[in-house]
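Spelled out, the chains give:
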Amino acid sequence: MNKNVLITGGSRGIGAATARYLAGQGYHLCLNYRHDKASADALVAEIQEQHSVTCIAVQADVSVEEEVVRLFEEMDARLGCITHLVNNAGILQPQMRVLEMSAERINKTLITNVTSYFLCCREAVRRMTGGGAIVNVSSAAARLGSAGEYVDYAASKGAIDVLIKGLSLEVAAQGIRVNGVRPGFIYTDMHTDGGEPGRVDRIKSQIPLQRGGQPTEVAAAIAWLLSDEASYATGTFIDVAGGR
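Residues numbered from 1 in each chain as written. Predicted model: local features only at pLDDT ≥ 70, side-chain atom pairs only at ≥ 80, totals over all residues. Heavy atoms only, no water.

### Things to note about the environment of Ala89
Short version of the rule: Secondary structure elements follow DSSP: runs of H or I no shorter than four residues count as helices, runs of E no shorter than two count as strands, and numbering proceeds from the N terminus. Relative accessible area decides the class of each residue, using a 1.4 Å probe on protein chains only: under 20% of the type maximum gives buried, over 50% gives exposed, and in between gives partly exposed. Should any heavy atoms of two residues lie within 4.5 Å, those residues are counted as being in contact.
Within the element layout of this structure, Ala89 appears in the loop between strand 4 (84-87) and helix 4 (103-127). Judged by relative accessible area, Ala89 falls into the buried class, the value being 13%. Sequence separation of Ala89 and Ala45 is 44 residues, and the distance between their C-alpha atoms is 21 Å. For Ala89, the contacting residues outside a window of four places in its chain are Thr8, Gly9, Val62, Thr112, Ser116 and Tyr117.

### Thoughts on the pattern of salt bridges
Quick reminder of the rule: Salt bridge, as applied in this entry: a Lys or Arg side-chain nitrogen positioned within 4 Å of an Asp or Glu carboxyl oxygen.
Inspection of the entire model under this criterion finds 18 salt bridges. Its salt-bridge partner being Arg199, residue Glu149 comes within 2.6 Å of it at the nearest N-O pair. Placement of the pair is Glu149 in the loop between helix 5 (141-144) and helix 6 (151-171) and Arg199 in helix 8 (residues 199-203), with a sequence separation of 50 residues. Each of the two residues, Glu149 as well as Arg199, counts as buried. Asp239 is paired through a salt bridge with Arg182; the nearest N and O atoms lie 2.7 Å apart. Of this pair, Asp239 sits in strand 7 (residues 237-240) while Arg182 sits in strand 6 (residues 176-183), and the two are 57 residues apart along the sequence. Residue classification places Asp239 among the partly exposed residues on the basis of a relative accessible area of 39%. By relative accessible area, which is 12% here, Arg182 ends up buried. Within the structure, one salt-bridge network assembled from shared partners comprises Glu65, Asp76, Arg122, Glu123, Arg126 and Arg127.

### A few points about the layout of surface pockets
The gaps of empty space that remain are located by a probe, the size of a water molecule, rolled over the atoms. Where we set the bar: Grid points spaced at 1 Å over the protein atoms alone were grouped into cavities, where a 1.4 Å probe fits but cannot get out, and pockets, open sets with protein on both sides within 12 Å along at least five of seven lines, with lining residues defined by an atom within 4 Å of a point. Grid points are joined across faces, edges and corners, and a volume is the space filled by probe spheres set on the points. Each residue receives one of three labels: charged for Asp, Glu, Lys and Arg, nonpolar for Ala, Val, Leu, Ile, Met, Phe, Trp, Tyr, Cys and Pro, and polar for the others, Gly being one of them.
As a volume, the second largest pocket reaches approximately 340 Å³. Lining the second largest pocket are 21 residues, and of these Met1, Thr83, His84, Gly132 and Asp228 sit closest to its centre. For the lining of the second largest pocket, a count of residues per class yields seven nonpolar, ten polar and four charged.

### A short note on the packing of aromatic side chains
What counts, and what does not: In summary, the pairing rule links any two rings of Phe, Tyr or Trp, Trp by its six-membered ring, whose centres are within 6.5 Å, and it sorts them by plane angle into stacked for under 30 degrees, edge-to-face for over 60 and tilted for everything else. Remark: a charge is flagged as sitting over a ring if the NZ atom of Lys or the CZ atom of Arg is within 6 Å of the ring centre and within 35 degrees of the ring normal.
All told, the structure shown has zero aromatic pairs when counted by the stated rule. When the ring centre of Tyr27 is taken as reference, the NZ or CZ atom of Lys3 above it lies at 4.2 Å. The ring centre of Phe237 lies 4.3 Å from the NZ or CZ of Arg182, which sits over that ring.

### Description of helix 2 (residues 37-50)
Each α-helix turn comprises 3.6 residues. Residues three or four places apart therefore point the same way. Rule in force here: One less than the residue count of a helix, multiplied by 1.5 Å, gives the span that helix is expected to have.
For helix 2, built from 14 residues, the straight-helix expectation of 20 Å at 1.5 Å per residue is met to within 8% by its first-to-last C-alpha distance of 20 Å. Those residues of helix 2 that are buried are in contact with helix 1 (13-23), strand 2 (28-33) and strand 3 (55-59).

### What to know about the packing of helix 1 against helix 9 (residues 215-226)
Applied cut-off: In this description, a line fitted to the C-alpha atoms serves as the axis of each element, helices being fitted only across the stretch in contact, and the angle between N-to-C directions of two axes falls anywhere from 0 to 180 degrees. Every angle not falling under 35 degrees, over 145, or within 65 to 115 is termed oblique; those three ranges are roughly parallel, roughly antiparallel and roughly perpendicular. Handedness of each helix crossing follows the sense of rotation of the near helix against the far helix: counterclockwise by less than a right angle gives left-handed, clockwise gives right-handed.
Their axes nearest at 8 Å, the elements helix 1 and helix 9 cross at an angle of 55 degrees. The angle between the axes of helix 1 and helix 9 places the two elements in the oblique class. As helix 1 packs across helix 9, the resulting crossing turns out to be right-handed. Contact residues: helix 1 offers Gly13, Ile14, Ala17, Thr18, Tyr21 and Leu22, while helix 9 offers Pro215, Thr216, Val218, Ala219, Ala220, Ile222, Ala223 and Leu226. Split by residue class, the contact of helix 1 with helix 9 holds eleven nonpolar, three polar and no charged.

Here's what the structure looks like:
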């Protein structure tokens, strides 16, 4: 049976690294993106040139229920039924203390980072009648709090940790495994979104391993949790955070 994986936020950063990694393991891929069609199309072309797998890109804002439903229906039609899901889409807004945060900002963070994961998990579970595996990308921020910078982001990832634990218990008897990866300070464009492109280099001396992480290091953890080698792991987390 084909291994068909959906990666949300699959056109850049950890999502793109995971796509490349899984293509090398024979997965057929649906890469979801919200805005950056050029990057998504370029990655599809790269993967199809280098690997004997099918790879498609589908635009959808996964915080919107109707678009999530459309995304899954398009994947069904063009690639086949989902067997594996990587929930990775998310936003990081400019650094700010809680005292300065508006309801609009907080709600945008929670809808994008939490509601999208719930919706994609729902549609995946509906289709995984023969079992499957879900990996939700959380963050070390869920443990650390991100005080003075992104408490809203950290709170959204704390919610994802609870989703992982609760959903894993709901669907275990159906042969569906649900696990999480919590990256720490990784070299991705997300830090630019937060207003500090050099954030990892600024803080790396505080990390026990004395360096930031690479997206491929996170992708390797995601791939293991998706694989049959992790067949007895559910409701669990891998921290990829350099010891922090």
